[in-house]
Amino acid sequence: MTTTSPGEERVAKRAPGLRRAGRELLRNPPAVFGAVVLTVFVLVALFAPLIAPHNPRQQNLGDRFTPPVWDKAGDARYLLGTDQLGRDILSRLVYGSRVALAVGVFGTGLALLIGVTLGLCAGYFGGRVDAIVTRITEVIISIPSSILYITILGVFGPSLWLLILVMGLFGWITSARVVRGEVLSLRNREYVEASIGLGQRTAQVLIKHVLPNVLGSIIVVGTLKVASMIILEASLSFLGFGVQPPAVTWGQMLSDGRRFITSSWWLATLPGLAISLLTLSLLFLGNWLRDNFDPRTYD
Amino acid sequence: MFGYVLRRLLQVIPTILGITLLLFVVVRFSGDPLAIYLGDDDMVVGQVGSDQVEALRARLGLDQPLPLQYVYFLRDALHGDFGRSFIYQNQPALPLVVRRLPATAALGGAALLIGILISLPAGLIAARFRNRFPDTFASFYAVVGEAIPNFWLGIMLILLFSVNLRLLPVSGSGTWRHLILPAFTLGTGMSALLMRLLRGNLIEVMSLDYIRTARAKGLSARSVLFKHGLRNAAISYITVLGLSVPGLLSGSVVTESIFAWPGMGLLFITAINGRDMAVVQAIVVFTAFLAILGNLVVDLVYVVVDPRITYR
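Quick summary incoming for the structure in this document. If you're wondering where the values come from, they're calculated on a predicted model, not measured in any experiment.

A short note on unusual backbone geometry
Residue Pro-245 of chain A is joined to Pro-246 of chain A through a cis peptide bond whose omega torsion reads 10°. Turning to its location among the elements, Pro-246 of chain A is positioned in the loop between α11 (202–239) and α12 (250–258). Although it is not a glycine, Arg-275 of chain B adopts a positive phi angle of roughly 50°. Along the chain, Arg-275 of chain B turns up in the loop between α15 (264–273) and α16 (277–305).

Structural notes on the packing of aromatic side chains
A full pass over the atoms with the stated rule returns 13 aromatic pairs over all chains. For the pair Trp-265 of chain A and Trp-266 of chain A, a centre-to-centre distance of 6.0 Å together with 85° between the ring planes defines the contact as edge-to-face. For Trp-265 of chain A, a relative accessible area of 31% translates into the label partly exposed. In this structure, Arg-128 of chain B packs its charged tip against the face of Phe-129 of chain B, placed 5.2 Å from the ring centre.

A short note on the environment of Leu-249 of chain B
Residue and element names in this part refer to chain B. Locating Leu-249 in the fold gives a position in helix α14 (residues 245–259). Leu-249 gets classed as buried once you look at its relative accessible area, which sits at 8%. Residues Leu-249 and Met-264 lie 15 residues apart in sequence; the distance between their C-alpha atoms is 8.4 Å.

What to know about the nonpolar core
Counting residues in hydrophobic clusters, the biggest one holds 126 residues, and the most contacted among them are Ile-150, Trp-250 and Leu-278 of chain A. Broken down by element, the residue count for this core peaks at 14 residues, all from helix α13 (residues 265–293) of chain A. When residues of this core are assigned to domains, at least three map to each of domain 1 (2–79) and domain 2 (96–305) of chain B. In contact with Leu-278 of chain A, not counting residues within four places along its chain, are Leu-38, Phe-41, Ala-100, Leu-101, Ile-230 and Trp-250 of chain A.

Definitions and cut-offs
Residues numbered from 1 in each chain as written. Chains lettered and ligands numbered in written order. Predicted model: local features only at pLDDT ≥ 70, side-chain atom pairs only at ≥ 80, totals over all residues. Heavy atoms only, no water. Helix = DSSP H or I, 4+ residues; strand = E, 2+ residues; numbered from the N terminus. Phe/Tyr/Trp six-rings, centres within 6.5 Å; stacked < 30°, edge-to-face > 60°. Buried < 20%, exposed > 50% of the residue type's maximum accessible area, 1.4 Å probe, protein only. Lys NZ or Arg CZ within 6 Å of the ring centre and 35° of its normal. Core = buried A, V, L, I, M, F, W, Y, C linked by side-chain atoms within 4.5 Å. Domains from an automatic or database assignment. Contact = heavy atoms within 4.5 Å.

This is the structure we're talking about:
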């Protein structure tokens, strides 16, 4: 979905320096928005204890259901209001970003590790290896993802680490497919054949010569994957199969807030806004990366 | 053609083996299946005399080596026997699941319809006015539609249309008015995905030589877009509709539980919360079966529709 024509444009865009990338970024308002919002979320997650005005688990039963500060009944101590137990919504949102980003980043990391390895092998060796990877892929995509995840999390008992593990174990399909496709076209390039001819071991050829050329696509797939994992984590936590209390998660805040939807709109609205903003920033960035540096990848 | 169909059917076998194996491993490694059978309570196993427990273990084949147990599991699954539900009065699990299919199918169908009704015009307009305002807007919609989690969208729709405007029921089923909000909840994400795909395909098709020929003949822009562009871009659009089955089923889990829509997704959540493993297993296999079926139908339709594809 590039806006420029392929060919020379594409060659010209090769080997972009960081400064070049920065200049490109500034020309794309959604990508700028994405970069800024994502940076803010990452900083908030890293420095949560310094930013959160209250302890996210501190209950103040006298201040239950305080609306956000711009409401007539608002309270300046609670900028975004409080929940059914009088806990500060802003502080909970701040701490919730930690779980969202941790699941997104670690889950994606594991998924990429598996997907890139399998994709490299499937594309490079072809034949039986490729057939096996294809079969495994078909099994995983045939089971509706939320049913697969909830079955495993429900059976073994949900926890943060199991969630990350499961997301990694079953979330690698796209990356494997993309990498496999790229490797198929790289395998017969002269420089790959040359390094094989020079007697380099297979692992060396794959890691030194093939992998660096697939890196662009991996970054694009990874960025978009973080977004989808954050949504998945939120929906699993919403249904009660994600990260469990006392950890604070956006999905769980939403699920609590839903019970009070008729009286306290902010409880369910604000966590959803946080999820949407974070995933939107990742999608904008990922799409921009794809359009500018890797027009070959698509999902 | 016959050979192709047969080979395509044979390819399904390893997939089904893989799905049942994965399910078997997950369920077996999660605890003593006997405890699950007896009502998921270690107390019960302790209370029943150990002779009786062992007799039951032998009767269920649970004293056999694991590979053999898997073979029994597979045999029963192929016969549609997943055991009995202990939440729903000891009924056989699979019929219980199949009975929920119409509700889920109605929701999925309505969501798909909404997805098409939004994505078709939006994709066409975006491709027609490429890089101009309508396109920018449609592309923005596609990204936002992907970024907003559908369960939050569902709750916001309830807040707007049920709580504030009092136009539609909050949850439940029975009339077509109950279907509107859940269908939009499930269909919006779908429409974003379909729109992006259609736009991409149209743009690709519209840059091909025969489109230039059609334009050179003096055909109007609209006629070129509809008669030559859309017809050819439609093939992959239709493909994705068929491949959307697992996504719709996956999304129906959360959508149905928000709106108390009595389909398979709601049954699944009830079953897993009650550790009703017979029902859970039946749902996993049955939904995977539907997904495989959707995929298969698409592949066959593809061959019939697109004359360029030859089946060897």
